[in-house]
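Letter by letter, the chains look like this.
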Amino acid sequence: MGIKFRWLGHSAFDMQIDGHSVVFDPFLTGNPLAATTPDALSPELILLSHAHGDHVGDIVAIANHTGAPTVSNVEISNWLHGHGVRDARGQNTGGLGDYGFVTVKLTIAFHSSSFPDGSYGGNPNGFIVTAHESGQRLYFAGDTALFSDMELIGDERIDVAFLPIGDYFTMGPADSIRAIKYIRPRFVVPMHYNTFPPIQQDASGWANRVSNETSAVPIVLDPGGEFAVPSVV
Ligand code: NI
Ligand code: MN
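Keep in mind the model is a prediction, meaning the values are calculated, not measured.

### Considerations on the coordination of the nickel ion (ligand 1)
In step 1: Only His50 (NE2), His52 (ND1), His111 (NE2) and Asp143 (OD) from the protein reach the nickel ion (ligand 1) as donors, at distances of 2.2 to 2.3 Å.
In step 2: For the nickel ion (ligand 1), the four donor atoms are set out with angles of 88 to 176° between them, so the coordination reads as irregular.
In step 3: Expressed as a motif, the donor residue spacing for the nickel ion (ligand 1) is H-x1-H-x58-H-x31-D.
In step 4: Between the nickel ion (ligand 1) and the manganese ion (ligand 2), a separation of 3.0 Å is found, and both are coordinated by Asp143. On the criterion of sequence distance, the pair formed by His50 in the loop between strand E4 (45–47) and helix H1 (53–56) and His111 in the loop between strand E8 (102–108) and strand E9 (125–131) is long-range, its members being 61 residues apart.
In step 5: A relative accessible area of 25% places His111 in the partly exposed class.

### A short note on the coordination of the manganese ion (ligand 2)
In step 1: Protein ligation of the manganese ion (ligand 2) involves Asp54 (OD), His55 (NE2), Asp143 (OD) and His192 (NE2), the donor distances falling in the range 2.1 to 2.2 Å.
In step 2: The sequence pattern describing where the donors of the manganese ion (ligand 2) fall on their chain is D-H-x87-D-x48-H.
In step 3: Overall, the relative accessible area of 2% leaves Asp143 in the buried class.
In step 4: A residue is classified by how much of its surface remains accessible, and His192, at 1% relative accessible area, is buried.

### A look at the side chain of Thr36
In step 1: Take Thr36: it is sitting in the loop between strand E3 (20–24) and E4.
In step 2: What makes Thr36 buried here is its relative accessible area of 17%.

### Here we look at the pattern of salt bridges
In step 1: Within the structure shown, the criterion is met by eight salt bridges.
In step 2: One salt bridge connects Glu213 with Arg209, and the closest N-O pair in it is separated by 2.8 Å. Taken together, the residues Glu213 and Arg209, both in helix H6 (residues 203–213) and four residues apart, mark about one turn of the helix.
In step 3: A relative accessible area of 34% places Glu213 in the partly exposed class.
In step 4: Using a relative accessible area of 34% as the deciding quantity, one classes Arg209 as partly exposed.

### A short note on the sheet that holds E8
Note on sheets: strands pair through backbone hydrogen bonds, and any given pair is parallel or antiparallel.
In step 1: The strand order E7-E8-E9-E10-E11-E12-E13 describes an open sheet built from seven strands, whose pairing is mixed. The two strands at the open ends of the sheet, each matched to only one other strand, are strand E7 (96–98) and strand E13 (217–218).
In step 2: With three bridges connecting them, strand E10 (residues 137–140) and strand E11 (residues 160–164) associate as parallel partners. For Phe140, the partnering residue across the bridge sits in E11 and is Phe162.
In step 3: Strands E10, E11 and strand E12 (187–191) of the sheet are contacted by helix H5 (residues 173–183), whose axis makes an angle of about 155° with E11.

### Considerations on helix H2 (residues 59–66)
For an α-helix, 3.6 residues make a turn, and residues three or four places apart therefore share a direction.
In step 1: Along H2, the residues classified as buried are Ile59, Ile62 and Ala63. The buried side chains of H2 occupy one side of the element, clustering within an arc of 100° when seen end-on.
In step 2: On the buried face of H2, the contacting elements are E4, H1, strand E5 (70–73) and helix H3 (74–82).
In step 3: Just downstream of H2 lies Gly67, where phi reads positive at about 75°.

### Quick notes on the environment of Phe169
In step 1: Among the secondary structure elements, Phe169 is positioned in the loop between E11 and H5.
In step 2: Looking at Phe169, the relative accessible area reads 42%, which means it is partly exposed.
In step 3: Put simply, Phe169 and Val102 are 67 residues apart on the chain and 30 Å apart in space, counted from C-alpha to C-alpha.
In step 4: With near-sequence residues (within four places) excluded, Phe169 lies in contact with His111, His192 and Ile199.

Rules and cut-offs
- Residues numbered from 1 in each chain as written.
- Chains lettered and ligands numbered in written order.
- Predicted model: local features only at pLDDT ≥ 70, side-chain atom pairs only at ≥ 80, totals over all residues.
- Heavy atoms only, no water.
- Donors = N, O, S within 2.8 Å, 3.2 Å for Na, K, Ca; no water.
- Tetrahedral: all angles 85-135°; square planar, octahedral: opposite > 155°, others 65-115°.
- Helix = DSSP H or I, 4+ residues; strand = E, 2+ residues; numbered from the N terminus.
- Buried < 20%, exposed > 50% of the residue type's maximum accessible area, 1.4 Å probe, protein only.
- Salt bridge = Lys/Arg side-chain N within 4 Å of Asp/Glu carboxyl O.
- Pairing = 2+ DSSP bridges.
- Contact = heavy atoms within 4.5 Å.
- Axes fitted to C-alpha atoms, helices over the stretch in contact; angles between N-to-C directions.
- Arc of directions from axis to C-beta.

Right, here's the structure in full:
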C-alpha cells in the first residue's frame, strides 16, 4: 500500500495509490521519452494539470478505452466533455474532490493554459493527492514557476513532490531547490526535462544539489523507472 509510481517521460506518470492506478498528464504519442503506449494503461482515475498539448496528450483515448473519470479544472472538463469524454470532473483551484480511494485538491500554478486548438483552458493547476487508506500524500506541481505559497503546500505534510526542472517553460533546477525548501517533502522527483532541446538538464547534478542543500531525498528515474514511497518508520 502507499504510493508507487512509474515515470512515463515528461510529466506523465502511472501511479499505484493504495493499489489503484492513477495516470497524470498522459502525453505519450509524440513524446520522445514515452515509456508506454496509451492502450497499455488502465487507470481508475486520470489527472490533467493544464491544457497544453504536452500534458493533454492521449487523455481522450485513455478515458474512452477505460471509462476512467478525468479530474481537471472546469474549463478543461468542459472541453473534454465536448471531445467525447463521458466522465470529466471539473473542480477549481483550492477545491478538494473525493474519488473514493483518494482526495484530490487543485493548487495554484503559475503558467498558462490554452489548448492546442486555441480553446481557453482556464488557469493551470497542480494537485495535492491524499491516499485514504495509507494516508500518504503527494504534490504534483504541474507546469509552474517558483512561488512562495509553496510553503503553504508544505504545511500539508508532503511525502513525495513532483517538480518540473526543465527551465525555459517552467522553473529550472535552481528554483526547484528553493521550491523544495518551501515544500519540505520526504522525497522529490524531477519531471518536465530532457524531452525537447530547450529543457535538457543534468538530473544527477540536480540530485546532488537536492541531497546537499535540502532535507529531501531525490528520486531520479529513467523513463519506465519505478519507485515505491516507503512508509514513515
Ligand atoms: Ni505547459
Ligand atoms: Mn508543459
